[in-house]
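Working through the structure, step by step
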Amino acid sequence: MAEKSCAGDFVAGFMVGALVGAAAALLMAPMSGEDTRVFIREKGVELGQRADEMSGEARKRAEELQLQAKERAEALQEKVKVAVEEGKATATKTKEELLAKVGQREADEEETPDEA
């Protein structure tokens, strides 16, 4: 039971402290309520403009990054095309060389009769 009493006392003290602090803040505020509202409104407009600027900058940077990515992708695609063409050429050359060797062996086997 002692724990509940301490927790209750803490909550009650916290609430009283919050109310006293809020009242003191209102009484000792350097500006009147109207001035405070105007100040808050002006800061809100200022923050909104800043957010718009940052949004524009972020959009511009995103477009730049998109363009860079597109250019890199196109360059990579071109490299892949070149590599594929080189691979095809090498495969064709190798195929022709192998066919020539097979043809030569068949010709050599025809020239030498089998001794069976």
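Residues numbered from 1 in each chain as written. Predicted model: local features only at pLDDT ≥ 70, side-chain atom pairs only at ≥ 80, totals over all residues. Heavy atoms only, no water.

Describing the overall build of the protein
Assigned secondary structure in the protein consists of two helices and zero strands. In terms of overall dimensions, the protein is more spread out than a globule: its C-alpha atoms have a radius of gyration of 42 Å, far above the 13 Å expected for 116 residues. Oriented by its inertia axes, the alpha-carbon framework of the protein measures out at about 120 × 50 × 10 Å. Of the roughly 10,900 Å² that the protein leaves accessible, carbon and sulfur atoms contribute 61%. Averaged over its 17 positive side-chain charges, the protein has a centre that lies 9 Å from the centre of its 25 negative ones. (Helix = DSSP H or I, 4+ residues; strand = E, 2+ residues; numbered from the N terminus. Rg over C-alpha atoms; globule rule 2.2 N^0.38 Å. Areas by Shrake-Rupley, 256 points an atom, 1.4 Å probe, with all protein chains shown as cover. Lys, Arg positive; Asp, Glu negative; His and termini not counted. Charge placed at Lys NZ, Arg CZ, Asp CG, Glu CD.)

Quick word on the packing of aromatic side chains
Inspection of every chain in the model, using the stated rule, returns one aromatic pair. Each ring, one from Phe10 and one from Phe14, has its centre 6.4 Å from the other, and the planes form 25°; the classification is stacked. With Phe10 and Phe14 both in helix H1 (residues 2-27) and four residues apart, this pair spans about one turn of that helix. Of the two residues, Phe10 and Phe14, both sit in the exposed class. (Phe/Tyr/Trp six-rings, centres within 6.5 Å; stacked < 30°, edge-to-face > 60°. Buried < 20%, exposed > 50% of the residue type's maximum accessible area, 1.4 Å probe, protein only.)

Points about the pattern of salt bridges
Counted according to the given criterion, the structure contains five salt bridges. Across the pair Glu64 and Arg61 runs a salt bridge whose closest N-O atoms are separated by 3.5 Å. Here the residue Glu64 and the residue Arg61 both occupy positions in helix H2 (residues 33-111), the gap between them amounting to three residues, near one helical turn. (Salt bridge = Lys/Arg side-chain N within 4 Å of Asp/Glu carboxyl O.)

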